[in-house]
Number of protein chains: 2
Amino acid sequence: MARPREFDRDAALKAATDVFWSKGFAATSTEDLVQAMGIGRQSFYNAFGDKRRLYLEALEAYQRNATSCHIGRLTTPASPLDGLRDLLVGLIPDDDALRCKGCLGAGSVGEFGVTDPELMEMRERMIAGFRAKVIERLREGQRLGEIDPEIDIEQAASFIEITMSGLQLAARGGAGAQHLHALAAFAVERFRAR
Amino acid sequence: MARPREFDRDAALKAATDVFWSKGFAATSTEDLVQAMGIGRQSFYNAFGDKRRLYLEALEAYQRNATSCHIGRLTTPASPLDGLRDLLVGLIPDDDALRCKGCLGAGSVGEFGVTDPELMEMRERMIAGFRAKVIERLREGQRLGEIDPEIDIEQAASFIEITMSGLQLAARGGAGAQHLHALAAFAVERFRAR
DNA sequence: CCAATTATGGACTGATCAGTCAAAAACGGA
DNA sequence: TCCGTTTTTGACTGATCAGTCCATAATTGG
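What you see is a predicted model; the values in this text were computed from it and never measured. (Residues numbered from 1 in each chain as written. Chains lettered and ligands numbered in written order. Predicted model: local features only at pLDDT ≥ 70, side-chain atom pairs only at ≥ 80, totals over all residues.)

**Q** Could you give me a rundown of the overall build of chain A, with the residues and numbers involved?
**A** Summing up its helical and strand segments, chain A has 10 helices and zero strands in all. Each helix and strand of chain A, ordered N terminal to C terminal, gives the series α-α-α-α-α-α-α-α-α-α. Along the first, second and third principal axes, the C-alpha atoms of chain A reach 65 × 35 × 30 Å. A total of 194 residues make up chain A; the buried ones form 40% of that total. Across chain A, the fraction of contacts at a sequence separation of at least 24, relative to all contacts at a separation of at least 6, is 69%. (Helix = DSSP H or I, 4+ residues; strand = E, 2+ residues; numbered from the N terminus. Buried ≥ 20, exposed ≤ 12 C-beta atoms within 10 Å, placed from the backbone. Contact = placed C-beta atoms within 7 Å.)

Spelled out as structure tokens, the structure:
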């Protein structure tokens, strides 16, 4: 029907995601973006709307992928406690350049806080399914006697969430992989029944 | 000798701190700042250098004050575990508007990551004394039998640090005061000897 | 091969950015 | 009172911001 686009939309989105991930929304210019994406300015606006829409789309895709990876690590091991440990340890890449980018989702919370309703809605939507899986695994852990039976599951789930945030912010701040891996294991160990 | 300045430098710094705290560095314009500080543009540059220097000065004062408050709460109670709980619970203001600003220090880590050596140096300088106090209190807790003797103190201190970050990021994201207070208590309870 | 449609490249927009300049104003010391 | 020093005020700078316009190019269905 018409001229097809010359660039790979997904690849461009990925490139844009990396820029937002490293620099945040406000510090990223549209010039930064079109440069990194390797496309023209008009193609940018044609394909992605505007800077804000692109950010939302990048964040959504990032979160969807991240959540899926998290759930994979959480649910793969036979032992629930192992699953929780894999979840937390897996947040922290060994590669320095990657690790010190932190988490785009956490960055978004830090940058926008409660000021953007659309972002808050996205966060809630993304967290719900993940949290349910964590709760499931925690219950299983208690049933198997791995996890302290006196622990409140809902609170434990929230605790896992803030531990994830804390780890990711520490990673963004330059903390070492080994240190953070040990810390992740330490956190999970606090749940073990004795 | 010369014309004295008409505005209160400390008050202006406080006003600027609030803007950076709410909006972050990049999203704050110098116009925002002079507006909030209630001073003229040239007075701004005379008294504070430039936007970046002002940010550094605001962050330094903020951190110094915050750290001092943290140490106060940590060390006041007779029981080390109570001190640790007061430390974490005290991070979370009841006032919604204040709480959802989160922590300027955490915001700075999120915004700049490892990209700014001067900020990293400041972070390390600020954390050192505080961390020492936490370690002291943890040791005391173990000596008194309040804290699980099998816990590694260095890791526990790091764990307290990332829990603080996690709580503050959650607060910035809009989490409720009651919820976060309970979570703070939950985290400390993971240390208790049984 | 033409018409309709979409993509592309590059110039362009007004707004806002951080920071500066120059002149007037306000003070203390002589 | 007048001088030297600093603050204040408001206009101004070039750069960069996000986003648009338009002419040209490439494609497919008819």
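**Q** How would you explain the interface of chain B and chain A if you had to name every residue and give the values?
**A** With 33 residues of chain B at the interface, the matching set in chain A holds 33 residues. The element that contributes the greatest number of residues to the side of chain B that touches chain A is helix α9 (residues 153-172) of chain B, accounting for 11 residues. A per-class count over the side of chain B that touches chain A returns 16 nonpolar, 12 polar and five charged. (Nonpolar A, V, L, I, M, F, W, Y, C, P; charged D, E, K, R; others polar.)

**Q** Explain the relation of the copies chain B and chain A to me, using residue names and the numbers behind them.
**A** Relative to chain A, chain B is turned by 180° and slid 0.0 Å along the rotation axis, the superposed coordinates differing by an RMSD of 0.1 Å. Such a turn and shift between the copies fits a two-fold axis. It is B:Gly166 whose C-alpha, among those of chain B, lies nearest the rotation axis, at 2.1 Å. Of all interface residues in chain B, 100% are interface residues in chain A too; the two copies therefore contact each other through one and the same surface. (Least-squares fit on C-alpha atoms with pLDDT ≥ 70 in both.)

**Q** Which residues make up the environment of B:Leu180, and what are the values?
**A** Residue and element names in this part refer to chain B. Relative to the helices and strands, Leu180 resides in helix α10 (residues 177-189). Along the backbone, Leu180 and Thr28 are 152 residues apart, and their C-alpha atoms lie at a distance of 28 Å. Ignoring any residue separated from it by four or fewer positions in sequence, one finds Leu180 in contact with Ile92, Leu167, Ala170, Ala171 and Ala175.

**Q** Account for the protein's contact with DNA strand D, naming residues and giving values.
**A** Near DNA strand D there are 24 residues, and of these A:Arg3, B:Ala2, B:Arg3, B:Glu6 and B:Gln42 occur at the shortest range. Secondary structure elements with two or more residues in the surface near DNA strand D: α2 (30-37), α3 (41-48) and α4 (51-75) of chain A together with α3 (41-48) of chain B. Of the residues contributing to the surface near DNA strand D, the split by class is seven nonpolar, seven polar and 10 charged. (Near = placed C-beta within 6 Å.)

**Q** Outline the protein's contact with DNA strand C, listing residues and values.
**A** What surrounds DNA strand C is a group of 25 residues, the closest being A:Ala2, A:Arg3, A:Gln42, A:Ser43 and B:Arg3. Of all the elements in the fold, those that place two or more residues in the surface near DNA strand C are α3 of chain A together with α2 (30-37) and α3 of chain B. A per-element tally of the surface near DNA strand C places α3(A) first, with four residues. Looking at the surface near DNA strand C residue by residue, the class counts come to nine nonpolar, seven polar and nine charged.

**Q** I'd like a description of the packing of helix α4 (residues 51-75) of chain B against helix α7 (residues 104-112) of chain B, backed by residues and values.
**A** Residues and elements named next belong to chain B. Contact pair α4 / α7: the axes reach a minimum separation of 9 Å and the direction vectors enclose 130°. Taken together, the axes of α4 and α7 are oblique relative to one another. When α4 is examined against α7, the residues Leu59, Tyr62, Gln63 and Ala66 are found in contact with a partner set consisting of Leu104, Gly105 and Ser108. Looking at side-chain class alone, the contact of α4 with α7 contains four nonpolar, three polar and no charged residues. (Axes fitted to C-alpha atoms, helices over the stretch in contact; angles between N-to-C directions. Parallel < 35°, antiparallel > 145°, perpendicular 65-115°, else oblique.)

**Q** Mind laying out α10(B), listing which residues take part and the relevant values?
**A** Between its terminal C-alpha atoms α10(B) stretches 18 Å, which fits the 18 Å expected from 13 residues at 1.5 Å a residue. Among all positions of α10(B), only B:Leu180, B:Leu183, B:Ala184, B:Phe186, B:Ala187 and B:Val188 are buried. The elements touched by buried residues of α10(B) are α9 (153-172) of chain A together with α5 (80-89) and α9 of chain B. (Expected span 1.5 Å × (residues − 1).)

**Q** Requested: an account of the packing of α9(A) against helix α10 (residues 177-189) of chain A, with residues and values cited.
**A** Residues and elements named next belong to chain A. Look at α9 against α10: their axes get within 11 Å of each other, and the N-to-C directions meet at 170°. By the angle class used here, α9 and α10 are roughly antiparallel. Seen from α9, the contacting residues are Thr163, Leu167, Ala170 and Ala171; seen from α10, they are Leu180, Leu183, Ala184 and Ala187. Grouping the amino acids of the contact of α9 with α10 by side-chain chemistry returns seven nonpolar, one polar and no charged.

**Q** So what's going on with α4(A)? Residues and values would help.
**A** Residue and element names in this part refer to chain A. With 25 residues, α4 extends 36 Å from end C-alpha to end C-alpha; this agrees with the ideal 36 Å at 1.5 Å per step. When α4 is considered as a whole, its buried residues turn out to be Leu54, Tyr55, Ala58, Leu59, Tyr62, Gln63 and Leu74. Against the buried residues of α4 lie α1 (9-23), α3, α5 (80-89), α7 (104-112) and α8 (117-144).

**Q** Account for the environment of B:Glu57, with residues named and values stated.
**A** Residue and element names in this part refer to chain B. Relative to the helices and strands, Glu57 is located in helix α4. On the basis of neighbour count, Glu57 is assigned to the partly exposed category, with 15 C-beta atoms found within 10 Å. Sequence separation between Glu57 and Leu180 is 123 residues, and the spatial gap between their C-alpha atoms is 30 Å. If we skip the residues at most four places from it in the chain, Glu57 touches Leu13 and Phe48.

**Q** Describe the environment of B:Ser165, and please don't skip the residues or the numbers.
**A** Residue placement: B:Ser165 occurs in helix α9. A tally of 28 C-beta atoms within 10 Å means that B:Ser165 is categorised as buried. C-alpha of B:Ser165 to C-alpha of B:Ala97: the two residues are 68 residues apart in sequence and 19 Å apart in space. If sequence neighbours within four positions are ignored, B:Ser165 has contacts with A:Ser165, A:Gly166, A:Leu169, A:Ala170 and B:Ala106.

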